[in-house]
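Residue-level listing of the chains:
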Amino acid sequence: MELFSPLGVLGVFAGLLLSVFLFLVVYFAYCHSLYAHIPGPKRDSFFTGNMSTLRKRVHEGSNLPEYLYDLMKEYGPVYHIFLMHRAIVMALDAPFHKEVFTTVAHIKPYSGYRYLSNVFGTRFMGNGLITETVPSKHAKRRALFSPAFHRKYLMSLMDQFNFSADVLVNRLTTIADGKTEVAMLDEFNRLTLDVIAKVAFDLRLNITEETESPFVKALTMTMQGIQNSFKAPWKEFSPLPSDRQYRHQVGEAITFLRETGRECVKRRLEAKRKGEDLPQDILTYILQASEDLEGDEDFKMEEMLDEFVSFFLAGQETTANTLAFALVELGHHPDVMHRLKTEAVAVMGDNDYVAYSDLGKLDYMMMVLKETLRLWPPAFSTSRDLGYDVEVRGYTVPAGTTVWLNAYVMGRNGEYFKNPLDFDPDRFKDNEDKTLYAYFPFSLGHRSCIGQPFALIEARVIMAKLLKKFDFELVPGQGFEILQELTLKPKGRSRNYITLAE
Ligand code: HEM
């Protein structure tokens, strides 16, 4: 048989395919062997690992955190799953979390964050604070943004938090007839979007009142796009007209968001050029951070827009979901609701304004929010690639492994939380130390949530005002089903009947 005859070419091609196949078999078997000592579910198939079970669970309406929680119950606190040949290790152990969260050598994996950096080929969060995975670059940027979350600055935001919450109070007053179903998740979403737009970027969206908004549409489309790029990554390259059209729509939505940011940045640059007084908000810090960047003006602008969309994404839905989950819990726990309302009324007195000095007196409120975040952490998971081997409970997790740090599963861990499935805000009265590194709805360490104090102030102001003014009754039939989109949210959208409090 001649080498260049058709049969010869076919033979070479078949040989090549066989070699690639054999290489993959050996490589996958090697990857499997690295984790043979760690418990875990049986792989669905040699090549895809546990992916089909995972997909099946998600398509059946279950979700990733519940699947991982079930695995903890079955395999104990240290286990692995395989996504193709890649092992993911979960180690539900507080010292392990301490090691991983606090050591810079364990870095955020680019593979996990590229879905946010680019959505179906369009730059979304790019190299923003959340998605930047190079530790030195992140540290520099983080240091620049920190003053924007300083206590003094947050104190100056109290008027805006109050003002925005009042807009919602006024809106709800018009529908507080005890008969209209109000999806509080949607109300909170619009409110928190208005707040972050105004206080971070001096941008008036006014969507709490005017519920139709192109900005919200674009944001919703983008979030769906991110979700779909996780679920169906092949759509990025699919030549099917429907997939191309979908990519185009997502691209347009992202472009709309980034163009809104571009206008904001340009306005602020102009104000700076004219020597006007600039507010010390996040946008000003974004401009400052850009001065440090090397590159031409276009490059700098794109990096600023990365931050613009990052803060929108990070600073809005998470807080709205927390408030919505809290109302679901309160609907199921009238005793907690009563205690919370009593506290809000006592702290605010005849005022309709929540002052910064009131926040420290809303003790029970803080415990309720913490407990809500333990059971229902909206940003439920983060991940790291281990920089070196780490020992946990007798198992060695090899360097290079991707570990998932899951606040939802850890929050349900009976080793750290007594009766973990009970909603019991009082557990946060005195067991803080025990829950250290087991409780991390805002993540921990150098990549923890920079907006944590902002979120907790905003949530307390909104909650105190709403509870003082209204009585909420959860529309019957709503349990604790969750919807896992990019974040966790209550599936029933926290629908309530609202009446004016007596
Ligand atoms: C209840 C509300 C919130 C929750 C539960 C939450 C949770 C989190 C979590 C878990 C992370 C780590 C993400 C990761 O590892 O990929 C994070 C990061 C971040 N959050 Fe939040 N967040 C909330 C509100 C906010 C707010 C209001 C802002 C801004 C105003 C914000 C800005 C950020 C930023 C910029 C990061 C990236 C920090 C870094 O990597 O240096 N978050 N958040």
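Thresholds applied
Residues numbered from 1 in each chain as written. Predicted model: local features only at pLDDT ≥ 70, side-chain atom pairs only at ≥ 80, totals over all residues. Heavy atoms only, no water. UniProt positions renumbered as here; feature names shortened; annotations may be inferred. Buried < 20%, exposed > 50% of the residue type's maximum accessible area, 1.4 Å probe, protein only. Helix = DSSP H or I, 4+ residues; strand = E, 2+ residues; numbered from the N terminus. Pairing = 2+ DSSP bridges. Contact = heavy atoms within 4.5 Å. Phe/Tyr/Trp six-rings, centres within 6.5 Å; stacked < 30°, edge-to-face > 60°. Axes fitted to C-alpha atoms, helices over the stretch in contact; angles between N-to-C directions. Parallel < 35°, antiparallel > 145°, perpendicular 65-115°, else oblique. Nonpolar A, V, L, I, M, F, W, Y, C, P; charged D, E, K, R; others polar. Near = heavy atom within 4 Å. Polar contact = N/O pair within 3.5 Å; in protein donor to acceptor, adjacent residues only side chain to side chain.

Looking up the protein in an unreviewed UniProt entry gives the name Cytochrome P450, with the organism given as Patiria miniata. Quoted verbatim from the Cofactor (unreviewed entry) field of UniProt, the annotation for the protein is "heme".

Peer 1: Requested: an account of the pairing of strand S9 (residues 402-406), with residues and values cited.
Peer 2: In the case of a regular strand, side chains alternate between the two sheet surfaces. With 5 of 5 residues buried, S9 is to be regarded as a mostly interior element. Judged by which residues are buried, S9 turns out to be covered on both faces: Thr-402, Trp-404 and Asn-406 on one side and Val-403 and Leu-405 on the other are all buried. Two strands pair when backbone bridges link them, and strand S2 (residues 86-91) and S9 are joined in this way by 2 bridges, in the parallel orientation. The residue of S9 that forms the bridge with Val-89 is Val-403. When strand S6 (residues 381-385) meets S9, the two strands line up antiparallel, connected through 5 bridges. Directly across from Arg-384, in S9, lies its bridge partner Val-403.

Peer 1: Provide a residue-level description of the UniProt feature "binding site: heme" (unreviewed entry) in the protein, including the pertinent values.
Peer 2: UniProt tags Cys-449 as "binding site: heme" (unreviewed entry). Here Cys-449 lies in the loop between helix H18 (432-435) and helix H19 (452-469). With a relative accessible area of 33%, Cys-449 lands in the partly exposed category. Beyond its immediate chain neighbours, meaning those up to four positions away, Cys-449 contacts Arg-142 and Phe-442.

Peer 1: Before we move on, could you go through the packing of aromatic side chains and cite the residues and values that matter?
Peer 2: Applying the stated rule across the entire model yields 22 aromatic pairs. Between Phe-161 and Phe-454 the ring centres are 5.3 Å apart and the planes differ by 90 degrees, which places this aromatic pair in the edge-to-face class. With Phe-161 in helix H8 (residues 158-173) and Phe-454 in helix H19, this pair connects stretches of sequence that are 293 residues apart. Assigned by exposure class, Phe-161 and Phe-454 land together as buried. With 5.6 Å between their ring centres and 5 degrees between their planes, Trp-376 and Phe-480 make a pair best called stacked. With Trp-376 in the loop between helix H16 (363-375) and S6 and Phe-480 in the loop between strand S10 (470-474) and strand S11 (482-484), the pair connects residues that are 104 residues apart, well separated along the chain. You can call Phe-480 partly exposed: its relative accessible area is 32%. Each member of the aromatic cluster is reached from another via a ring pair, and the members are Phe-145, Phe-149, Phe-161, Phe-311 and Phe-454.

Peer 1: A description of the packing of helix H11 (residues 241-273) against helix H12 (residues 282-291) should follow, citing residues and the corresponding values.
Peer 2: Across the interface, H11 lies against H12 with an axial gap of 10 Å and an inter-helix angle of 80 degrees. Taken as axis vectors, H11 and H12 run roughly perpendicular relative to one another. Contact with H11, carried on its side by Cys-264, Val-265, Arg-268, Leu-269 and Lys-272, involves Leu-283, Thr-284, Leu-287 and Glu-291 of H12 and no other residues of that element. A breakdown of the residues in the contact of H11 with H12 according to their chemical character gives 5 nonpolar, 1 polar and 3 charged.

Peer 1: Explain the site of the ligand residue by residue, including any values.
Peer 2: Around the ligand sit 27 residues in total, of which Tyr-113, His-138, Arg-142, Thr-382 and Cys-449 are the nearest. Between an oxygen atom of the ligand and a side-chain N or O atom of Thr-382, the distance comes to 2.6 Å. Here Arg-447 contributes a side-chain N or O atom positioned 3.0 Å from an oxygen atom of the ligand. If you list the elements that add at least two residues to the shell around the ligand, you get helix H6 (135-145), helix H13 (297-332) and H19. The biggest single contributor to the shell around the ligand is H13, with 6 residues. Of the residues assigned to the shell around the ligand, the class counts are 15 nonpolar, 9 polar and 3 charged.

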